[in-house]
Amino acid sequence: MEDFTPEELEQGRILFARPATFVMGCAKIEQLPEPDLPEVAFAGRSNVGKSSLINGLVGMHKLARASNEPGRTREVNFFDLDGKMRLVDLPGYGWAKASKTTVRKFQDLGRDYLRGRVTLKRVYLLIDSRHGLKKVDDEALSALDLAAVSYQIILTKADKLKKGEADKVQAETLKAIAKRPAAYPAVIVTSAEKGDGMPELRAEIMRTTGAVL
């Protein structure tokens, strides 16, 4: 994990304490809002904890809708953080409770967004820390490499691990992405439930977007 100064951590806390609102959900590339603010996007397997992480970042329980139904996020959802930046929730992957045509439709939407969004500063790819990188994640990693979009691995649900296991998964993940061209060489371990790693993630996003208070 990268080092952040106490000042950066505090500035990140203040930034993400600002009002956050749902802007829109887009089912077609033509519906995307104007690219007039820096954006960071969150991707990952269904049920990896994307909604919980986004809610944890902004300190709100219901900004992003969490669901026990895999694949609920079938649009590209945009959230505005007080006019400073947008948080973008991309459709999940790795689930099978829909036709292949439906799955392909909204996953292609996510890929189109990644390829053409000039204000996209980084994609945060969420991986369940209990399982680490799996074969199903390889396609997402390769798609991000192909799109030449900077991405960073965020390990979720670290509170479910035994003491010491998080460090091991973090090290294994760093090793696995070492030769991937678009992967940012730092892995942040988080728990949306306990708040672990959230100050560092806020500071990382603030640094990446260049957002100022």
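Here, every reference points to the structure presented above.
1. Description of the overall build of the protein
Link 1 in the chain: Helix and strand content of the protein: 6 helices and 7 strands.
Link 2 in the chain: Counting helices and strands in the order they occur from the N terminus, the protein gives α-β-β-α-β-β-α-β-α-β-α-β-α.
Link 3 in the chain: Within the protein, the proportion of its 213 residues that are buried is 49%.
Link 4 in the chain: Sequence-distant contacts, at least 24 apart, represent 75% of the contacts inside the protein between residues at least 6 apart.
Link 5 in the chain: Carbon and sulfur atoms form 50% of the exposed surface of the protein, whose accessible area is close to 10,800 Å².

2. Quick notes on the pattern of salt bridges
Link 1 in the chain: Taken as a whole and judged by the stated rule, the model has 13 salt bridges.
Link 2 in the chain: Note that Asp 36 is salt-bridged to Arg 86, the shortest N-O span being 2.6 Å. With Asp 36 in the loop between β1 (20–26) and β2 (39–44) and Arg 86 in strand β4 (residues 85–89), this pair connects stretches of sequence that are 50 residues apart.
Link 3 in the chain: A relative accessible area of 7% means that Arg 86 is categorised as buried.
Link 4 in the chain: Arg 117 is the salt-bridge partner of Glu 39, the closest N and O atoms lying 2.9 Å from each other. With Glu 39 in strand β2 and Arg 117 in the loop between α3 (100–116) and β5 (120–128), the pair connects residues that are 78 residues apart, well separated along the chain.
Link 5 in the chain: Each of Asp 36, Glu 39, Arg 86 and Arg 117 takes part in a single network of salt bridges with overlapping partners.

3. Points about the environment of Lys 168
Link 1 in the chain: With respect to the element layout, Lys 168 can be found in helix α5 (residues 165–177).
Link 2 in the chain: Residues Lys 168 and Ser 129 lie 39 residues apart in sequence; the distance between their C-alpha atoms is 9.9 Å.

4. Focus on the environment of Gly 59
Link 1 in the chain: Secondary-structure assignment places Gly 59 in the loop between α2 (50–58) and β3 (76–81).
Link 2 in the chain: The exposed category is assigned to Gly 59, whose relative accessible area is 64%.
Link 3 in the chain: Between the C-alpha atoms of Gly 59 and Phe 16, which are 43 residues apart in sequence, the distance is 7.7 Å.

5. Concerning the packing of α2 against helix α6 (residues 198–209)
Link 1 in the chain: Viewed as axis vectors pointing N to C, α2 and α6 meet at an angle of 80 degrees, and their least axial separation amounts to 10 Å. The pairing of α2 with α6 is recorded here as roughly perpendicular in orientation. Across from Leu 53, Gly 56 and Leu 57 in α2, the residues of α6 making contact are Met 198, Leu 201, Arg 202 and Ile 205.

6. A closer look at unusual backbone geometry
As a rule of thumb, non-glycine residues mostly have phi less than zero, and peptide bonds are mostly trans rather than cis.
Link 1 in the chain: Backbone geometry places Asp 82, a non-glycine residue, at a positive phi of 50 degrees.
Link 2 in the chain: Considering the arrangement of structural elements, one finds Asp 82 in the loop between β3 and β4.
Link 3 in the chain: A positive phi angle, close to 60 degrees, is found at Lys 157, a residue other than glycine.
Link 4 in the chain: Assignment of secondary structure puts Lys 157 in the loop between β6 (151–156) and α5.
Link 5 in the chain: Its relative accessible area of 23% is what places Lys 157 among the partly exposed residues.

Thresholds, definitions, all that
- Residues numbered from 1 in each chain as written.
- Predicted model: local features only at pLDDT ≥ 70, side-chain atom pairs only at ≥ 80, totals over all residues.
- Heavy atoms only, no water.
- Helix = DSSP H or I, 4+ residues; strand = E, 2+ residues; numbered from the N terminus.
- Buried < 20%, exposed > 50% of the residue type's maximum accessible area, 1.4 Å probe, protein only.
- Contact = heavy atoms within 4.5 Å.
- Areas by Shrake-Rupley, 256 points an atom, 1.4 Å probe, with all protein chains shown as cover.
- Salt bridge = Lys/Arg side-chain N within 4 Å of Asp/Glu carboxyl O.
- Axes fitted to C-alpha atoms, helices over the stretch in contact; angles between N-to-C directions.
- Parallel < 35°, antiparallel > 145°, perpendicular 65-115°, else oblique.

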